[in-house]
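# Commentary on secondary and tertiary structure
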Amino acid sequence: MIWYALQRLGLALLICVLALTILFCAVYVIPGDPASIALGPRASDAMKAALRARMGLDQPLVLQVLYFFGNTLRGDLGVDVMSNRSVATIVMEALPYTLALALAGLGWAVVLGIPLGCLSAVRRGTLVDRLVGVVSVATISMPSFVVAIYGLLIFAVALQWLPAIGAGDAGDTGDQLLHLILPAFAVGLGWVGYLARLVRASMLEVMGENHIRTARAFGLRERTIVYRYALRIAILPTVTLIGIGIGSLLSSAVFAEVVFNRPGIGSLVFGAAQTRNYPVVMGAVLVTVFLFALFNLLADLLVALLDARVRAGL
């Protein structure tokens, strides 16, 4: 188990390094001079040159990448060129909002998607199975930003059941949860279909195994067979998908945060990219990539704990 954990940890670190290198290069080839955008058209050439030097843009790209990783290893994410605040402080202030949105969105999708997948597998070929299949494909097909816009128009504007924008009053947990409902619905709806289809496929495969037929031969109740013996094995691929899902929702939450005007990593990156505020963009991306790799690592370790075949490398 220790050797397996070290392998997965090494892979997670490699993913972080490669992703950040690619993203760093991609950010710096975006058209537009960040110094001109930040200082405005009336800034002198000397002022622009000073800001480029402050941001390290006067150095070759290779040196910029090396400096970035060197500062990152020391825990220094840079300084916001607009407010002169620490990038780490800015990102940490926005991160809890995005984590709450991602966990809430995936949480309700898990609660609904896994039972739907089990029901579809148990009622294979029936009307229930077909209805679950239609609902699953429909939810997968709808982009999160479309769901966010229509959810805002219907539930916040037309019906006025839920608040439209913001994250709620600080310190008021009830108000914050109320403001979280629509964004969490928007980002989690597509995952209901993904989880339902995956659980159904895994359940159908497991239900044909010898130990399931043996349990039926011993006369165990179907409910016991499904939830005690079949689901505990069929859930393993879903655990991996959930680990990936949390990391993916951290990055895809930008649409919900922009539509609902919520603070968070997504809206932070969106605003910083518009002003070419590279330190904030890279700091936020660094934290997002790290969390993505962390959740994947935790999912892999959880699967290994649940399945001895994974630990053995089978």
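Scope of this entry: the structure provided in the associated data block. Note that this is a predicted model, so its numbers are computed, not measured.

Here the focus is a nonpolar patch on the surface. Among the surface-exposed residues, F145, I149, Y150, L153, I154, V157, L159, W161 and F255 lie close enough to one another that they form a single nonpolar patch of about 890 Å² accessible area. A total of six residues in the nonpolar patch trace back to one element, the largest contributor, which is helix α7 (residues 144–158). When you line up the elements, F145 lands in helix α7. Accessibility expressed as a relative area gives 36% for F145, which makes it partly exposed.

Among the structural elements, A156 can be located in helix α7. In sequence terms A156 and L182 are 26 residues apart; their C-alpha atoms lie 8.6 Å from each other. Apart from residues no more than four positions distant in its own chain, A156 is found in contact with G151, L162, P163, A164 and L182.

The end-to-end C-alpha distance of helix α8 (residues 173–207) is 43 Å, clearly below the 51 Å that 35 residues give at a rise of 1.5 Å each. The sharpest bend along α8 comes to roughly 40°, located at G188.

Okay, the packing of helix α6 (residues 127–141) against α8 next. Where α6 contacts α8, the axes come no closer than 7 Å and their chain directions differ by 135°. Taken together, the axes of α6 and α8 lie oblique to each other. In this structure, α6 meets α8 at a crossing whose hand is left-handed. Across from D129, G133, S136, T139 and I140 in α6, the residues of α8 making contact are L189, G190, V192, G193, Y194, A196, R197 and R200. Across the contact of α6 with α8, the residue classes break down as five nonpolar, five polar and three charged.

Before going further, it helps to examine the pattern of salt bridges. In total, this model carries two salt bridges according to the counting rule given. The shortest N-O distance in the salt bridge between R85 and E93 comes to 2.7 Å. When its relative accessible area of 35% is taken as the criterion, R85 is described as partly exposed. By relative accessible area, which is 44% here, E93 ends up partly exposed. A salt bridge links D129 to R200, with the nearest nitrogen and oxygen atoms 2.9 Å apart. Taken together, the positions of D129 in helix α6 and R200 in helix α8 put the pair 71 residues apart, joining distant regions of the chain. There is no split in this pair, since D129 and R200 are both buried.

A few words now on the packing of helix α5 (residues 87–122) against helix α12 (residues 265–274). Direction vectors running N to C along α5 and α12 enclose 135°, while the axes themselves pass 7 Å from each other. Taken together, the axes of α5 and α12 lie oblique to each other. Contacts between α5 and α12 pair I90, V91, A94, L95 and T98 from the former with I265, G266 and L268 from the latter. Residues of the contact of α5 with α12, tallied by class, amount to six nonpolar, two polar and no charged.

Moving on, we come to the side chain of S136. Within the secondary structure, S136 sits in helix α6. On the basis of relative accessibility, which here comes to 3%, the residue S136 falls in the buried class.

Attention shifts here to the nonpolar core. Ranked by internal contacts, the top residues of the largest apolar core, which has 47 residues, are V91, L101 and L268. For this core, the secondary-structure elements that each account for two or more residues are α1 (2–28), α5, α7, α8, α10 (222–252), α12 and α13 (278–306).

Counted under the stated rule, the structure contains three aromatic pairs. With a centroid separation of 5.8 Å and an interplanar angle of 20°, the aromatic rings of W108 and F185 are classed as stacked. Residue W108 is located in helix α5, and its partner F185 is located in helix α8; the two are separated by 77 residues in the primary sequence. Looking at W108, the relative accessible area reads 26%, which means it is partly exposed. For the ring pair W191 and Y194, a centre distance of 5.5 Å and an interplane angle of 50° mean the geometry is tilted.

Cut-off values and rules
- Residues numbered from 1 in each chain as written.
- Predicted model: local features only at pLDDT ≥ 70, side-chain atom pairs only at ≥ 80, totals over all residues.
- Heavy atoms only, no water.
- Patch = residues over 30% accessible without salt bridge, like charges linked within 9 Å, V, L, I, M, F, W, Y side chains within 5 Å.
- Areas by Shrake-Rupley, 256 points an atom, 1.4 Å probe, with all protein chains shown as cover.
- Salt bridge = Lys/Arg side-chain N within 4 Å of Asp/Glu carboxyl O.
- Helix = DSSP H or I, 4+ residues; strand = E, 2+ residues; numbered from the N terminus.
- Buried < 20%, exposed > 50% of the residue type's maximum accessible area, 1.4 Å probe, protein only.
- Contact = heavy atoms within 4.5 Å.
- Expected span 1.5 Å × (residues − 1).
- Bend = angle between axes of the 7 residues up to and from the residue.
- Axes fitted to C-alpha atoms, helices over the stretch in contact; angles between N-to-C directions.
- Parallel < 35°, antiparallel > 145°, perpendicular 65-115°, else oblique.
- Left-handed = near helix turned anticlockwise from the far one by under 90°.
- Nonpolar A, V, L, I, M, F, W, Y, C, P; charged D, E, K, R; others polar.
- Core = buried A, V, L, I, M, F, W, Y, C linked by side-chain atoms within 4.5 Å.
- Phe/Tyr/Trp six-rings, centres within 6.5 Å; stacked < 30°, edge-to-face > 60°.

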